[in-house]
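Residue-level listing of the chains:
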Amino acid sequence: MRWDNLADDGDHGRAADAALFGADAVTTRVDTPGFRGITFHEVRARSVLNRVPGASRMPFEWTVNPYRGCSHACVYCFARASHGYLDLDTGIGFDTQIVVKVNAPEVLRRQLGSRRWQGEHVAMGTNVDCYQRAEGRYRLMPGIISALTDHANPFSILTKGTLILRDLPLLVRAAGVTDVGVSVSVGFLDTELWRTVEPGTPAPERRLEVVRAFGEHGIGCGVLMAPVIPFLSDDPGRLRETVRAIAAAGAVSVTPLVLHLRPGAREWFMAWLGHHHPHLVPRYERLYAEGAYAPRWYQRRITRQVHELAEEYGIGPARSGRARRIPPAAPAPAPGPGPAEPVQLSLM
């Protein structure tokens, strides 16, 4: 496969094909006893700021992804297809063949300092989780957060990983100089479902502890309730249980997202479904007959139910400045006696 051009089984490696990652230099394969069954492919990237395609549904324009592939091994992960671009397997290969951009912090710092960079918001954790197990070995996120902080560049992080608590002091510092958004993904609480559909992730209850910890340190944390899995986590009782727990953890917002099955993820998820819940296969084939997304009527129903529950449990939409507990502006003092002196208006 094309990936073989990027690695060497000896000590030195070979020149990388830059077209694959925008990568420069060499790739090294690392097998580590502490990460049994996982292979790390180390690359040196030329760029780590990625522009989101204009046709994307994402509400942001720039991302940073220090890893490709993810040991969380979520069977529904939409990013599985991206492994196919490297001629790597989108099933077990996505879970166990992890690409690591080992120079990501240095490259990001250089790019943030460029005259062409306008300080746009940077989103992380939008493709694969930047706090997956590999981060415990490579520790790329502290350098990335520090680079963004030093340039007062706004950013956000979405994660299922409790490892983000390691960097809580860095994120508190960053929130003092720029806008920082932190969201945790918790789609459901069902233990049996979690163990089979998200086998490499921390338990949902542990992720909610992350939400609580950030709130206690002045950074309001939202929850992406994703995915809501049709016929497995979408009945009213389970939705209520999940929203109640999210509210109890102190989340400032909750956003439901129904499972979507893009090519790459669809095949892997349907194989899982056929093994664990074969009676549901025909229902899924009908529900997703039109493509990767569930019908709009279904998405709207789930969204309405979750929003109603959120209102019931006192979870409101995140408000500007809340994450850093910015106090409201003081009222302007009343004018004193006598004619007011002329004031130069400012555009800022």
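Please read these numbers as outputs of a predicted model, since none were measured by experiment. (Residues numbered from 1 in each chain as written. Predicted model: local features only at pLDDT ≥ 70, side-chain atom pairs only at ≥ 80, totals over all residues. Heavy atoms only, no water.)

Colleague: Looking at this structure, I do not really get the overall build of the chain. What am I missing?
Modeller: Each helix and strand in the chain was counted, giving 13 helices and eleven strands. The buried share among the 348 residues of the chain stands at 49%. With the model as given, the accessible surface of the chain reaches about 17600 Å², and the carbon-plus-sulfur share is 54%. (Helix = DSSP H or I, 4+ residues; strand = E, 2+ residues; numbered from the N terminus. Buried < 20%, exposed > 50% of the residue type's maximum accessible area, 1.4 Å probe, protein only. Areas by Shrake-Rupley, 256 points an atom, 1.4 Å probe, with all protein chains shown as cover.)

Colleague: Looking at this structure, I do not really get the pairing of strand 8 (residues 155-159). What am I missing?
Modeller: Two faces make up the sheet, and in a regular strand the side chains alternate between them. Burial runs high along strand 8: four of the five residues are buried. In this structure, strand 7 (residues 122-124) lies alongside strand 8, joined through three bridges in parallel fashion. Looking across to strand 8, one finds that V122 is bridged to F155. Where strand 8 and strand 9 (residues 180-185) come together, five bridges link them in parallel fashion. By the bridge assignment for strand 9, I157 is matched with V182. Considered for its hand, the β-α-β crossover made up of strand 8, helix 7 (residues 168-175) and strand 9 is right-handed. (Pairing = 2+ DSSP bridges. Right-handed = clockwise from strand over helix to strand, strands pointing away.)

Colleague: Would you mind going over the packing of aromatic side chains with me for this structure?
Modeller: Describing an aromatic ring pair means giving the distance of the ring centres and the angle of the ring planes. Summed over the entire model, instances satisfying the criterion amount to eight aromatic pairs. Residues F231 and Y284 carry aromatic rings whose centres are separated by 5.7 Å and whose planes lie at 85° to one another, so their mutual orientation is edge-to-face. Here the residue F231 occupies a position in the loop between strand 10 (221-228) and helix 10 (236-248), and Y284 occupies one in helix 12 (residues 281-287), the gap between them amounting to 53 residues. For F231, a relative accessible area of 27% gives the class partly exposed. Judged by its relative accessible area of 0%, Y284 falls in the buried class. Ring centres of Y284 and Y288 lie 5.7 Å apart, and the angle between their planes is 10°; this geometry places the pair in the stacked category. One aromatic cluster is present, built from ring pairs that chain together F231, F269, W272, Y284 and Y288. Between R283 and the ring centre of F231, over which it is positioned, the NZ or CZ distance is 3.9 Å. (Phe/Tyr/Trp six-rings, centres within 6.5 Å; stacked < 30°, edge-to-face > 60°. Lys NZ or Arg CZ within 6 Å of the ring centre and 35° of its normal.)

Colleague: Before we go on, may I ask you to explain the packing of helix 10 against helix 13 (residues 296-312) in this structure?
Modeller: Helix-helix packing is characterised by the crossing angle of the two axes and by the distance between the axes. Viewed as axis vectors pointing N to C, helix 10 and helix 13 meet at an angle of 45°, and their least axial separation amounts to 10 Å. Between helix 10 and helix 13, the angle falls in the class oblique. Both helix 10 and helix 13 take part in a crossing whose hand is right-handed. Note on element contacts: helix 13 touches helix 10 through I302, Q305, V306, L309, A310 and E312, opposite P236, L239, R240 and V243. When the residues that make up the contact of helix 10 with helix 13 are grouped by side-chain class, the tally is seven nonpolar, one polar and two charged. (Axes fitted to C-alpha atoms, helices over the stretch in contact; angles between N-to-C directions. Parallel < 35°, antiparallel > 145°, perpendicular 65-115°, else oblique. Left-handed = near helix turned anticlockwise from the far one by under 90°. Contact = heavy atoms within 4.5 Å. Nonpolar A, V, L, I, M, F, W, Y, C, P; charged D, E, K, R; others polar.)

Colleague: I'm lost on the environment of Q111 in this one. Help?
Modeller: With respect to the element layout, Q111 can be found in helix 4 (residues 104-112). Note on Q111: relative accessible area 17%, which makes it buried. Taking the C-alpha atoms as reference points, Q111 and L49, 62 residues apart in sequence, are found 7.6 Å from one another. Residues within four places of Q111 in sequence aside, it is in contact with S47, V48, L49 and W117. Here the side chain of Q111 touches S47 through a polar contact of 2.9 Å, side chain to side chain. (Polar contact = N/O pair within 3.5 Å; in protein donor to acceptor, adjacent residues only side chain to side chain.)

Colleague: Looking at this structure, how should I read helix 11 (residues 265-276)?
Modeller: One turn of the α-helix equals 3.6 residues, which is why residues spaced by three or four share an orientation. With twelve residues, helix 11 should cover 16 Å at 1.5 Å per step; its first-to-last C-alpha distance of 16 Å lies within 8% of that length. For helix 11, the secondary structure elements touched by its buried residues are helix 2 (80-84), helix 8 (191-197) and helix 12. (Expected span 1.5 Å × (residues − 1).)

Colleague: I keep staring at the state of the cysteines and nothing clicks. Help me out?
Modeller: The term disulfide refers to a covalent linkage connecting the sulfur atoms of a pair of cysteines. Under the definition given, this model contains zero disulfides. Among the cysteines around C74, which has no disulfide bond, C77 carries the closest sulfur, lying 6.3 Å off. The exposure class assigned to C74 is buried, which follows from its relative accessible area of 6%. (Disulfide = S-S within 2.5 Å.)

Colleague: Mind showing me how you'd approach the environment of C221 here?
Modeller: With respect to the helices and strands, the residue C221 is situated in strand 10. Taking the relative accessible area as the measure of exposure, C221 reaches 1% and is therefore buried. Along the sequence, C221 and V180 sit 41 residues apart, while their C-alpha atoms lie 9.9 Å from each other. Non-local contacts of C221, meaning those with residues more than four positions away in its chain, are made with V182, S183, V184, V211, F214, A251, V252 and S253.

Colleague: I would appreciate a short explanation of unusual backbone geometry in the present structure.
Modeller: Excluding glycine, most residues fall at negative phi; most peptide bonds, likewise, are trans. With an omega dihedral of -10°, the bond running from A226 to P227 counts as a cis peptide bond. Along the polypeptide, P227 turns up in strand 10. Of note in the backbone geometry, R139 takes a positive phi value of approximately 50° without being a glycine. For R139, the location among the structural elements is in the loop between helix 5 (134-138) and helix 6 (141-150). A relative accessible area of 49% means that R139 is categorised as partly exposed. One non-glycine residue, F231, lies in positive phi territory at about 70°.

Colleague: Please explain the packing of helix 6 against helix 7 as it appears in this structure.
Modeller: Relative to each other, helix 6 and helix 7 sit at 10°, their axes nearing to 9 Å. Between helix 6 and helix 7, the crossing angle belongs to the class labelled roughly parallel. Viewed along their axes, helix 6 and helix 7 form a crossing whose handedness is left-handed. Here P142, I145, S146, T149 and D150 of helix 6 lie close against helix 7, whose contacting residues are L170, L171, R173 and A174.

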